[in-house]
Amino acid sequence: MSVLIFVELDNGSVKKTSLEAVAYGAEVAKMTGTTATVLALGKADSASLEQVGGFGASKVLHVSDEKLTHENSLAYADVLAQAVKQENSKIIILAKSGLGDAVAARASAKLKAGIISGVTDLPVINRNFTVKRSIFTGKAFSNVEIKSDIKILVVKKNAIEATESSEKATVETFSPILRDQDFQASVGTIEKASSELSLAEADIIVSGGRGMKSPENWQPLLDLAKALGAATGCSKPVSDLDWRPHHEHIGQTGIKVAPNLYIACGISGAIQHLAGVNGSKYIVVINKDPEAPFFKAADYGIVGDVFDILPKLTKAVEDLK
Amino acid sequence: MKILVCITNVPDTTAKITFTDNNTKLNKAGVQFIIGPYDDYALARAVELKEKLGGSVTVLHVGGADADPQIRKALAIGADDAIRINAEPLDSYFTASQIAHVAGQNNYDLILMGRESIDFNSGVVHGLVGEMLGIPSYSPVMKLEIEGTTATLAREIDGGKETLSATLPLVLGCQEPISEWKIPNMRGIMTARTKPLVVVEPINMEEFTVPENYSLPAPKGACKMIPADQAETLIKLLKTEAKVI
Ligand SMILES: Cc1cc2nc3c(=O)[nH]c(=O)nc-3n(C[C@H](O)[C@H](O)[C@H](O)COP(=O)(O)OP(=O)(O)OC[C@H]3O[C@@H](n4cnc5c(N)ncnc54)[C@H](O)[C@@H]3O)c2cc1C
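## Let's talk about a nonpolar patch on the surface
- On the surface, a cluster of nonpolar side chains totalling about 300 Å² of accessible area is made up of B:Met186, B:Ile189 and B:Met190.
- By the element assignment, B:Met186 lies in helix H5 (residues 186-192).

Structural data, given as structure tokens:
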């Protein structure tokens, strides 16, 4: 009957967004009087698996088969459905991401489970089971009742304040059947900027728009990001112009981010860009135009030339250390 | 090459979202509806593939007659015919079941749609449809080439991209830069008027989720302005006031 949480691994370690999902799942388990079990697939670092205990899970089902180390939503969904059956789980939690949604979707169809993606808060459980979700790209919320016997919740970043204890989870080996049909695709190249912090997980993001003028001008922005330990993002025209790689594109048609701090440099704040950042806790806007719409969505603003201001900020951050 | 493109009918990206009827309905007054921007990319690529490889493009929409202008636009962009499943797209599972039911009767080589709809942002319909039809699904796809029965695609992954090849049939959730949005030309608009748009009734099914009500985020407080010549003050405030660095 346990709540089952599917976690994503990065180089064998449980991703930060997935640890939040574990904390969320553990809280739901408490609310429903049961325990939380984690499902982890592929090559994993055992210390990292045990660490999910600190976020409230008592048990980890680990499938160590190397075939599952490479991200494969088809196989992951099938294994998840098998784990749900073994554990007789009624509530399944995943962190929202491209992979999380893909796995949740296929598992939903296998299990005939109601699915809500984009959950922003703990459920309200009384006679009914109701969740709050983000809709219209952060412009609104919806409360939705889930009526199916098995429920799948795909949870957004910051849906819960995750705190960590020193508790450790027990890790059990799980040996599902792996279906050949889920391994038909042949993977070509994988380009991954492994040294970079991923936007989805970053607590701080420094982002640049067309106001940066040219790709050669990115250094001061990268310097500030480095000083802050931040990931870097950009507006759509910037990635359209190939000034920055596409996976940095934030907004309605790009990545939706929810960091603690978003610093926008030379971005006007078009509604489609705002749609991707309105989950941020704090927004800082640096723009030379005092009328730039972004200031209306910001917590702190500086009217001025980015190329003047960025080095000053970097120096101030370094002075803190 | 038989391609199905599923499109959503959603408020324009600049639309101001409000609700009526005690926060139980979207207020559609003054809101312009468009083909979902991601679906628009999928449609554009489908039309290009048809032009290159021959075959047909069918657009499919689950929704009411108010979407017909958007469906006609898709026909004007280059789709050959259209199917509208006459039902409110209640939730992802319901919508996917309707799509899978129609798709299952027609043997499409490719089923394309946007990576997500911009109203509910779920990003799960392609995965659901794939599983319901028992075929692979991939998303978000940013490059797609077809040779024979093999699709070569590039997919965005966390912090990068991956290329893979898979055998048709496939369901793909698309995003830029898979193609560029197409604007219908005069000839397209003229011919779209007479292209077939078939309306079919939905299949009955159990309701898994029920929306109760909607709400808007709390309004943002005033922005604290920091003079440019005291930029370093910002860092102090972020540390001591916001406590985020
Ligand atoms: C359907 C649709 C979807 C879209 N999706 C997205 C999306 O996902 N993400 C997205 O970002 N956009 C999206 N857009 C585009 C969006 O409408 C804007 O065009 C875009 O966000 C503008 O990017 P920008 O702010 O970088 O550029 P601009 O709007 O050109 O703004 C540049 C800003 O830089 C400032 N500036 C210039 N020089 C300096 C300087 N030296 N110092 C300080 N400030 C300076 C200017 O005052 C200006 O405010 C979408 C549009 C459509 C129609």
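## Remarks on the nonpolar core
- Of all hydrophobic cores here, the largest spans 52 residues; its most connected members are A:Leu39, A:Leu80 and A:Leu94.
- Sorting elements by how many residues they give to this core places helix H3 (residues 73-87) of chain A first, with eight residues.
- Not counting chain neighbours up to four residues away, the residues in contact with A:Leu39 comprise A:Ile5, A:Phe6, A:Val7, A:Leu61, A:Val63, A:Val79, A:Leu80, A:Ala83 and A:Phe174.
- Grouped together as the second largest cluster of nonpolar side chains are 37 residues, B:Ile35, B:Ala46, B:Val59 and B:Ile146 included.

## Overview of the interface of chain B and chain A
- The partner chain A presents 84 residues to the 77 residues of chain B that form the contact.
- Where chain B abuts chain A, roughly 6700 Å² becomes buried across the two surfaces, and 57% of that area is made up of carbon and sulfur atoms.
- Three residues stand out in chain B for area buried against chain A, namely B:Glu131, B:Asp158 and B:Lys220, and they jointly supply 10% of the buried area on that side.
- Taken together, the connections running from chain B to chain A amount to eight salt bridges.
- One salt bridge connects B:Asp158 with A:Lys15, and the closest N-O pair in it is separated by 3.1 Å.
- For the pair chain B and chain A, the interface holds 43 residue pairs in polar contact (both at pLDDT 80 or more).
- Contributions of two or more residues to the side of chain B that touches chain A are made by helix H1 (37-53), helix H4 (125-133), strand E9 (137-147), strand E10 (150-157), strand E11 (160-167), strand E14 (209-215), strand E15 (224-225) and helix H6 (232-240) of chain B.
- Looking at the side of chain B that touches chain A, its residues break down into 41 nonpolar, 17 polar and 19 charged.
- Of the strand pairs in this sheet, strand E18 (residues 300-303) of chain A and E15(B) are connected by two bridges, and their pairing is parallel.

## Here we look at the site of the ligand
- Around the ligand sit 27 residues in total, of which A:Ser235, A:Thr253, A:Ser268, A:Gln272 and A:Asn287 are the nearest.
- Taken together, the residues near the ligand originate from chains A and B.
- Measuring from an oxygen atom of the ligand, one finds a backbone N or O atom of A:Arg210 at 2.8 Å.
- Contact with the protein chains covers 81% of the free accessible surface of the ligand, which is 980 Å².
- For the shell around the ligand, the elements supplying multiple residues, two or more each, are helix H6 (236-240) and helix H7 (271-277) of chain A.
- Residues of the shell around the ligand, tallied by class, amount to six nonpolar, 15 polar and six charged.

## Some thoughts on the packing of helix H4 (residues 98-111) of chain A against H4(B)
- At a minimum axis separation of 7 Å, H4(A) and H4(B) run at an interaxial angle of 40°. In terms of orientation, H4(A) lies oblique with respect to H4(B). The way H4(A) lies across H4(B) gives a crossing that is right-handed. Residues A:Ala105, A:Arg106, A:Ser108, A:Ala109 and A:Lys110 of H4(A) form the contact with H4(B), whose participating residues are B:Gly127, B:Leu128, B:Gly130, B:Glu131 and B:Met132.

## Quick notes on the environment of A:Ala162
Residue and element names in this part refer to chain A.
- Here Ala162 shows up in the loop between strand E11 (151-155) and strand E12 (170-173).
- By relative accessible area, which is 32% here, Ala162 ends up partly exposed.
- For the pair formed by Ala162 and Gly266, sequence separation is 104 residues and the distance between their alpha carbons is 33 Å.
- Setting aside residues no more than four positions away along its own chain, Ala162 makes contact with Glu20, Ala23 and Phe55.

Reading the values: rules and limits
Residues numbered from 1 in each chain as written. Chains lettered and ligands numbered in written order. Predicted model: local features only at pLDDT ≥ 70, side-chain atom pairs only at ≥ 80, totals over all residues. Heavy atoms only, no water. Patch = residues over 30% accessible without salt bridge, like charges linked within 9 Å, V, L, I, M, F, W, Y side chains within 5 Å. Areas by Shrake-Rupley, 256 points an atom, 1.4 Å probe, with all protein chains shown as cover. Salt bridge = Lys/Arg side-chain N within 4 Å of Asp/Glu carboxyl O. Helix = DSSP H or I, 4+ residues; strand = E, 2+ residues; numbered from the N terminus. Core = buried A, V, L, I, M, F, W, Y, C linked by side-chain atoms within 4.5 Å. Buried < 20%, exposed > 50% of the residue type's maximum accessible area, 1.4 Å probe, protein only. Contact = heavy atoms within 4.5 Å. Buried area = accessible area lost by both parts, 1.4 Å probe. Polar contact = N/O pair within 3.5 Å; in protein donor to acceptor, adjacent residues only side chain to side chain. Nonpolar A, V, L, I, M, F, W, Y, C, P; charged D, E, K, R; others polar. Pairing = 2+ DSSP bridges. Near = heavy atom within 4 Å. Axes fitted to C-alpha atoms, helices over the stretch in contact; angles between N-to-C directions. Parallel < 35°, antiparallel > 145°, perpendicular 65-115°, else oblique. Left-handed = near helix turned anticlockwise from the far one by under 90°.

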